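# Summary of the model geometry
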Amino acid sequence: MRTYRLVIACPDRVGIVAKVSNFLALYNGWINEASHHSDEQSGWFFMRHEIRAESLPFGIEAFREAFAPIAEEFSMIWRVTDSAQKKRVVLMASRESHCLADLLHRWHTDELDCDIPCVISNHNDLRSMVEWHGIPFFHVPVDPKDKQPAFAEVSRLVEEHGADVVVLARYMQILPPQLCEQFAERVINIHHSFLPSFVGAKPYHQAALRGVKLIGATCHYVTEELDAGPIIEQDVVRVNHADSIEDMVRFGRDVEKMVLARGLRYHLEDRVLVHGNKTVVFD
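Now for a look at the structure at hand. Predicted model, so just to flag it, every value in this text is computed and none were measured. (Residues numbered from 1 in each chain as written. Predicted model: local features only at pLDDT ≥ 70, side-chain atom pairs only at ≥ 80, totals over all residues. Heavy atoms only, no water.)

So, about the pattern of salt bridges. All chains considered together, the criterion is met by 27 salt bridges. Salt-bridge contacts for R265 lead to E111; the nearest nitrogen and oxygen are separated by 3.1 Å. One end of the pair, R265, is in helix α8 (residues 245-268); the other, E111, is in the loop between α3 (98-108) and β6 (114-115), and 154 residues separate them in sequence. For E111, a relative accessible area of 37% puts it in the partly exposed group. Three or more residues are tied together by salt bridges with common partners; here these are E33, R48, E50, E269 and R271. (Salt bridge = Lys/Arg side-chain N within 4 Å of Asp/Glu carboxyl O. Helix = DSSP H or I, 4+ residues; strand = E, 2+ residues; numbered from the N terminus. Buried < 20%, exposed > 50% of the residue type's maximum accessible area, 1.4 Å probe, protein only.)

Spelled out as structure tokens, the structure:
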């Protein structure tokens, strides 16, 4: 069913829900889903509504025009999107295939409602898998002595392909501050949840030697501060002394795939509202 997704963040006060509800009722808007959250600590209010597009007498541009006075009255940060307009997702990866393969499979089976115009990688290892799906693959090697030309090309490709969001599906390069700023709240990353305890190479080996009981993954938006952006989704799996290092690596890859897929889906469905370095996720 085609819907409009109305997403709002504003200073909390009396009358917000009533005003929005009366607006939708005035135009016979049929609400399929409504989510609200009042954050007492920040004093902000967050809202997400899904409205049946066919129930309204106008299109999305007229919706924006009609709703604008209410948004101004309540100092709203807001957007309305059309579920019929698929978001364009550019995927980036290096050599590890598990996250990329999982997202491509979910896209191939229509589990992820998006378009994937291209995949960018700093290695050629995953080319055949990507091209099997009929998706253009761009190899952009990164010179460790001068990374700027590579990231300039990444920026060009992302812009050229009209990306709404970029997903780092185990892309093992740190994005420069300029790209983080240019695509703020539009780049999603995944990492294991051992940080900051086990930093560097072979974190699962380090964790096994310490006898950890939980391993997990964190999906977050990318910021200039490495692995510290607003968190979208997390999960863990339990391990014990009988699990080998190979088991832990396998469990870790499984949880990384699940968390990244869920985080991306929440973003695609406009379920994530960023406020400062926190998120409200209407899942």
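This part takes up the sheet that holds strand β4 (residues 77-82). Spatial ordering of the open sheet is given by β2-β3-β1-β4, a layout of four strands whose pairing is antiparallel. Only two strands of the sheet have a single neighbouring strand rather than two, namely β2 (31-39) and β4. Across the sheet, the mean angle from the axis of one strand to that of its neighbour is 5 degrees, orientation sign disregarded. Running over the sheet, helix α1 (residues 16-26) touches β1 (3-11), β2 and β3 (44-52) and is turned about 15 degrees from β3. (Pairing = 2+ DSSP bridges. Axes fitted to C-alpha atoms, helices over the stretch in contact; angles between N-to-C directions. Contact = heavy atoms within 4.5 Å.)

Look at R170: it is not a glycine, yet its phi comes out positive at around 65 degrees. Positive phi values are uncommon outside glycine, yet E185 reaches one of about 60 degrees. If you trace the backbone, E185 turns up in the loop between α6 (177-182) and β10 (187-192). Looking at E185, the relative accessible area reads 43%, which means it is partly exposed.

Purely geometric stuff here, so don't read any function into it on its own.
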